[in-house]
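Coordinate analysis (summary)
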Amino acid sequence: EAGVTQFPSHSVIEKGQTVTLRCDPISGHDNLYWYRRVMGKEIKFLLHFVKESKQDESGMPNNRFLAERTGGTYSTLKVQPAELEDSGVYFCASSQEAGPGNTIYFGEGSWLTVV
Amino acid sequence: RKEVEQDPGPFNVPEGATVAFNCTYSNSASQSFFWYRQDCRKEPKLLMSVYSSGNEDGRFTAQLNRASQYISLLIRDSKLSDSATYLCVVRDQAGTALIFGKGTTLSVSS
């Protein structure tokens, strides 16, 4: 069974440009999450989709970040315009159900460098 | 105060050593607790869940003390392949978002 897949694995863009990260969750997982780790910090929650609906977007840093999950399958996370402090690794994760008893599986991450 | 705090590390130990990692969390209403392992430039992978009764998986033993809001991980008979970053993770009150510590790096040498 395929795991959570993310694209691109690495991206280098200039400040002010736009980048779109894509995530394909494990098939059948209604719950999809975005996390990120910026330099020197811990991994932090960004948002949670249940199917196509945003369940919790309390971790989104500002309005330069836009996440979508049209059709409830794959998700995109767009950063526009990118700033230097957005550099880091963006992890997507998925789970079959939400709630305490369910395992969340992570993708390998999309490494973003803004120069 | 950070929500999840871990030993700063790094821990450098020889093969066969026993090593213990500690973690504290600030939200007493946290629902569930985990240790994740992360290899260099890879994704976090669930190592084990942590229960109040304590649980063991081979060489790994995890313990939770809810009263002290303290979580531990003990690794016995360390192997070279145990070298990684160990992340203490707490699930939030709503039971959805994971809250990560910064991680403790373990390096096992021969």
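Presented here is an overview of the structure given in this document. Predicted, not measured: the structure shown is a model, and the values here were computed from it. Along each chain, the written sequence defines residue order, and numbers are assigned to residues from 1. Labels follow written order: the first chain is A, the first ligand is 1, and so on. The model is predicted, so local features are restricted to residues of pLDDT at least 70 and side-chain atom pairs to those at 80 or more, both for listing and for counting; the totals for chains, interfaces and linings are taken over all residues. Neither water nor hydrogens contribute to the side-chain values; these are computed over all heavy atoms in the structure.

**Re the environment of Glu 108 of chain A**
This is how the line gets drawn: Secondary structure elements follow DSSP: runs of H or I no shorter than four residues count as helices, runs of E no shorter than two count as strands, and numbering proceeds from the N terminus. A simple rule labels every residue: compare its accessible area, found with a 1.4 Å probe on the protein chains alone, to the largest value its type can have, and call it buried under 20%, exposed over 50%, or partly exposed in between. Working rule for contacts: check all heavy atoms of both residues, and any pair within 4.5 Å makes them a contact.
On the secondary structure map, Glu 108 of chain A appears in the loop between β10 (105–106) and β11 (110–114). Using a relative accessible area of 44% as the deciding quantity, one classes Glu 108 of chain A as partly exposed. Between the alpha carbons of Glu 108 of chain A and Ser 9 of chain A there is a distance of 7.8 Å; along the sequence they are 99 residues apart. Beyond its immediate sequence surroundings of up to four residues, Glu 108 of chain A is in contact with Gln 6 and Phe 91 of chain A together with Lys 42 and Glu 43 of chain B.

**Description of the pairing of strand β7 (residues 60–65) of chain B**
Residues and elements named next belong to chain B. Convention followed: By this definition, two strands are paired if DSSP reports at least two bridges between them.
Pairing analysis gives three bridges linking strand β6 (residues 55–57) to β7, with the strands arranged antiparallel. By the bridge assignment, Asn 55 is partnered in β7 with Ala 62. Between β6 and the antiparallel strand that follows it, β7, lie two residues; Gly 58 among them carries a positive phi value of about 65°. In this antiparallel pair of consecutive strands, β7 and strand β8 (residues 70–75), the connection spans four residues, and Gln 69 shows a positive phi of 55°.

**Overview of the sheet that holds strand β1 (residues 5–7) of chain A**
In any sheet, the strands associate via hydrogen bonds between backbone groups, in a parallel or an antiparallel arrangement. Residue and element names in this part refer to chain A. Condition: Interaxial angle, 0 to 180 degrees, is taken between N-to-C directions of lines fitted to C-alpha atoms, where a helix line uses only the stretch in contact.
Spatially, β1-β3-β8-β7 is the arrangement adopted by the four strands of the open sheet, whose pairing is antiparallel. Edge strands, defined here as strands with exactly one partner in the open sheet, are β1 and β7 (65–68). Along the sheet, successive strands turn relative to each other by an average axial angle of 15°, direction set aside. Bridge count between β1 and strand β3 (residues 19–24): three bridges; the pairing is antiparallel. Within β3, the residue paired with Gln 6 across the bridge is Cys 23.

**Some points on the side chain of His 48 of chain A**
The cut-off we apply is this: Under this definition, polar contacts are N or O atom pairs within 3.5 Å; protein pairs additionally need one hydrogen-donor-capable and one acceptor-capable atom, and for neighbouring residues in sequence, both atoms have to be side-chain atoms.
Mapped onto the secondary structure, His 48 of chain A falls in strand β5 (residues 44–50). There is a polar contact of 2.8 Å between the side chain of His 48 of chain A and the side chain of Asn 31 of chain A.

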